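Per-entry structural report
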Amino acid sequence: MITIDINQIGKERLSKLESYKASVAAALATLESRNGAGNDFTGWLDLPCEITPDFIAEIDAAAKTLRENCSVVVVAGIGGSYLGARAVIEAFANSFQWLIGDKKNPTIVFAGHNISEDYLFELTEFLKDKNFGVINISKSGTTTETALAFRLLKAQCEKQRGIDMARKVIVAITDAKKGAARTTADKEGYKSFIIPDNVGGRYSVLTPVGLLPIAVAGYDIKKLVEGACDMRLRTLGSVPFEQNPAAVYAAARNLLYKGGKKIEILVNFCPKLHFFAEWWKQLYGESEGKDGKAIYPASVDFSTDLHSMGQWIQQGERTIFETVISVDNVQHSLIVPSDAENVDGLNFLAGKHVDQVNKMAELGTRLAHIDGGVPNIRITLPQLNEYWLGQLIYMFEKACGISGYLLGVNPFDQPGVEAYKKNMFALLDKPGYEKESALIKDKIKALE
Ligand code: PA5
């Protein structure tokens, strides 16, 4: 079972929990009855339990084509069209081997999530002698970062592998009808998958957006979906509050926010979860950060970051709280060896599993931070595998919907993301942005 412990959020806040439960239940009911703001984008709620074996088979078949014909697959996408796949793939991949590939699975690399000339140049260089394929992911089909990378990748793939093979190893995941990605896919005859209209980017990891890259990387998408579906059942409105981890998490973080805790740090003690935290940051940051409100979602990898951010967390401004993701069982076994000379003084650890040391670092940190005035939420999962990660993904998504409604925002839009795009297009003289171009030149003058 995934469990959540909120006993360390502070006595005063815990005492408010009872009276807060009705608001949480109301937010959950609004979400499930699709009566709240942004209700057009709640398709992800039922999705994991609606995915059919035929649909999984279709994704697995597309993955098989890529796996059989490519040593490298480039996943092009940004934001919600990128982070979910990367979070899951990095959680399971061998920390070293996946970068260089192994015999069983293609190497997965990511593009379309930045506009760095150096990154894209190095990527094209890296791909030069590779049989590579591309998964082009964009719901709108017009996102500049992704479209720009795809323009380069498509040309390179066609040149290196020939038009026919390129058409076989380029897959599009986009809207059913609109956008340049759809037009190109239809024109070239690419295999394509549709991103459902009622699922927004950051809630889309359990659609082909996440499922295809994860399947190409060699992981069991059926188990991932099964985990998510089981968590859906655990988080229904009919489940008592205490047994619903999404409701408990949403309640705890909002009580902390009301009490002046403006920053939430998602903590892991396993570097494989680094990108899971990136996915979580987008989920909460983009869903809640609007109308001048919301917790700032941050993340750290411990114990690495205890040696950089640990000081701030222990003794800096007391506006933070921590949510720790704790994994009970590791995948491998490694014992600390004994050393006859014991020069490093580590013989007191000899015979112990490395994970025992890590677990004590985790407990010691928890106690120290609680002593230092950092409220603590602890989420425990039995193991890092597809089933439990599927549960955790759905748990956080559901909690995000509840949390957004508790905060009084629409958790399913992102109007603020447009501001930089408008300026960038104006600065680059994109046709249609003539008025903005004139305005922005005045703004730049004012800066000088
Ligand atoms: O969550 C979101 O909606 C965004 O992060 C989008 O996923 C991101 O901007 C990419 O958009 P698109 O898939 O249209 O290229």
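Above this text sits the structure in question.
Concerning the packing of aromatic side chains
Counting across every chain of the model gives 17 aromatic pairs. Plain terms: the ring middles of tryptophan 44 and tyrosine 203 are 4.8 Å apart, the flat faces sit at 25 degrees to each other, and that makes the pair stacked. On the criterion of sequence distance, the pair formed by tryptophan 44 in the loop between α1 (11-32) and α2 (47-50) and tyrosine 203 in the loop between β6 (191-194) and α10 (208-216) is long-range, its members being 159 residues apart. Neither residue differs from the other here; tryptophan 44 and tyrosine 203 are each classed as buried. Ring centres of phenylalanine 92 and tyrosine 219 lie 5.3 Å apart, and the angle between their planes is 55 degrees; this geometry places the pair in the tilted category. Of the two residues, phenylalanine 92 is situated in helix α4 (residues 83-92) and tyrosine 219 in the loop between α10 and α11 (221-234); the sequence distance between them amounts to 127 residues. A connected cluster of aromatic rings, assembled from ring pairs, spans Tyr249, Phe276, Trp279, Trp280, Tyr284 and Phe396. Geometry around phenylalanine 126 places lysine 130 over its ring, the cationic atom sitting 4.1 Å from the centre. A cation sits over an aromatic face here: lysine 430 above phenylalanine 425, 4.1 Å from the ring centre.

Side note on the side chain of glutamate 397
Assignment of secondary structure puts glutamate 397 in helix α16 (residues 386-407). Among buried charged residues, glutamate 397 stands out as having no salt bridge; its nearest opposite-charge side chain is arginine 202, 9.4 Å away. Once you skip the residues sitting within four places of it in the chain, glutamate 397 turns out to touch Trp44, Arg202, Tyr203, Val205, Trp279 and Leu283.

Criteria and cut-off values
- Residues numbered from 1 in each chain as written.
- Predicted model: local features only at pLDDT ≥ 70, side-chain atom pairs only at ≥ 80, totals over all residues.
- Heavy atoms only, no water.
- Phe/Tyr/Trp six-rings, centres within 6.5 Å; stacked < 30°, edge-to-face > 60°.
- Helix = DSSP H or I, 4+ residues; strand = E, 2+ residues; numbered from the N terminus.
- Buried < 20%, exposed > 50% of the residue type's maximum accessible area, 1.4 Å probe, protein only.
- Lys NZ or Arg CZ within 6 Å of the ring centre and 35° of its normal.
- Lys, Arg positive; Asp, Glu negative; His and termini not counted.
- Salt bridge = Lys/Arg side-chain N within 4 Å of Asp/Glu carboxyl O.
- Contact = heavy atoms within 4.5 Å.

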